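This is what each chain is made of:
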Amino acid sequence: MALLEAMACGKPGVGADSLATPEAIQSGENGFLFTPFDSKDCAEKLCEVLKMPSSKYKSMSKSARLTAEKYSIPKSTDALLD
């Protein structure tokens, strides 16, 4: 939930390539996935977000917000009812 909340605020996601995280993060589009339990890979992905050019960050930010909207309460409720 914290991942989607951050993405709803326009923050590119960084998460382990495990469990449900890859459903939300499309690496390179709205964030980055790192190898589970690999702290070096995690740090590299975090640094990549922090050092990216403003234009790329804005693009990822927009994509992150659009991804989070797919999991809004109304859309999740409609999907459940369907």
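As a reminder, the structure under discussion sits directly above these lines.
Predicted, not measured: the structure shown is a model, and the values here were computed from it.

**Topic: the overall build of the protein chain**
Logical step 1: Within the protein chain, the regular secondary structure consists of five helices and two strands.
Logical step 2: Counting from the amino terminus, helix and strand elements in the protein chain follow one another as α-β-α-β-α-α-α.
Logical step 3: Out of the 82 residues belonging to the protein chain, those deemed buried represent 27%.
Logical step 4: With the model as given, the accessible surface of the protein chain reaches about 5600 Å², and the carbon-plus-sulfur share is 60%.
Logical step 5: Taking the average place of the 10 positive charges on the side chains of the protein chain and the average place of its 11 negative ones, the gap between the two points comes to 10 Å.

**Topic: the pattern of salt bridges**
Logical step 1: One pass over the full model with this rule turns up one salt bridge.
Logical step 2: Aspartate 41 is the salt-bridge partner of lysine 45, the closest N and O atoms lying 2.6 Å from each other. Here lysine 45 and its partner aspartate 41 are both found in helix H3 (residues 39-51), four residues apart, which amounts to about one turn of the helix.

**What to know about unusual backbone geometry**
Logical step 1: In the Ramachandran plot, leucine 19 falls in the positive-phi region, its phi being about 50° despite a non-glycine side chain.
Logical step 2: For leucine 19, the location among the structural elements is in the loop between strand S1 (13-16) and helix H2 (21-24).
Logical step 3: With a phi angle near 65°, phenylalanine 37 is a residue other than glycine that sits in the positive phi range.
Logical step 4: Turning to its location among the elements, phenylalanine 37 is positioned in the loop between strand S2 (31-34) and H3.
Logical step 5: Look at phenylalanine 37 and you get exposed, because its relative accessible area is 86%.

**Considering the environment of serine 61**
Logical step 1: Among the secondary structure elements, serine 61 is positioned in helix H4 (residues 54-69).
Logical step 2: Separated by 42 residues in sequence, serine 61 and leucine 19 have C-alpha atoms that sit 23 Å apart.
Logical step 3: What serine 61 contacts, discounting residues up to four positions off in sequence, is Gly10 and Pro12.
Logical step 4: A polar side-chain atom of serine 61 sits 2.7 Å from the main-chain carbonyl oxygen of glycine 10.

**Quick notes on the environment of proline 74**
Logical step 1: Relative to the assigned elements, proline 74 resides in helix H5 (residues 73-81).
Logical step 2: Proline 74 sits in the exposed class, given a relative accessible area of 53%.

Reading guide: rules and limits
Just so you know, the residues in each chain are numbered from 1, in the order the chain's sequence is written. Given that this is a predicted model, residues contribute local features only at a pLDDT of at least 70 and side-chain atom pairs are listed and counted only at 80 or more, while totals for whole chains, interfaces and linings are drawn from all residues. As a rule here, side-chain values cover all heavy atoms of the structure and leave hydrogens and water aside. Note on conventions: DSSP H or I runs of at least 4 residues are helices, E runs of at least 2 residues are strands, and numbering of each starts at the N terminus. Residue exposure (1.4 Å probe, protein chains only): buried if accessible area is under 20% of the type maximum, exposed if over 50%, otherwise partly exposed. To measure how exposed things are, a 1.4 Å probe is used in the Shrake-Rupley method; for residues, cover is taken only from the protein chains shown. Charged-residue counts in this description rest on Lys and Arg as positive and Asp and Glu as negative, His and the chain ends being excluded. In plain terms, the charge of a residue is placed at NZ if it is Lys, CZ if Arg, CG if Asp and CD if Glu. A carboxyl oxygen of Asp or Glu within 4 Å of a side-chain nitrogen of Lys or Arg is what we treat as a salt bridge. By definition, residues are in contact when any of their heavy atoms lie within 4.5 Å. Under this definition, polar contacts are N or O atom pairs within 3.5 Å; protein pairs additionally need one hydrogen-donor-capable and one acceptor-capable atom, and for neighbouring residues in sequence, both atoms have to be side-chain atoms.

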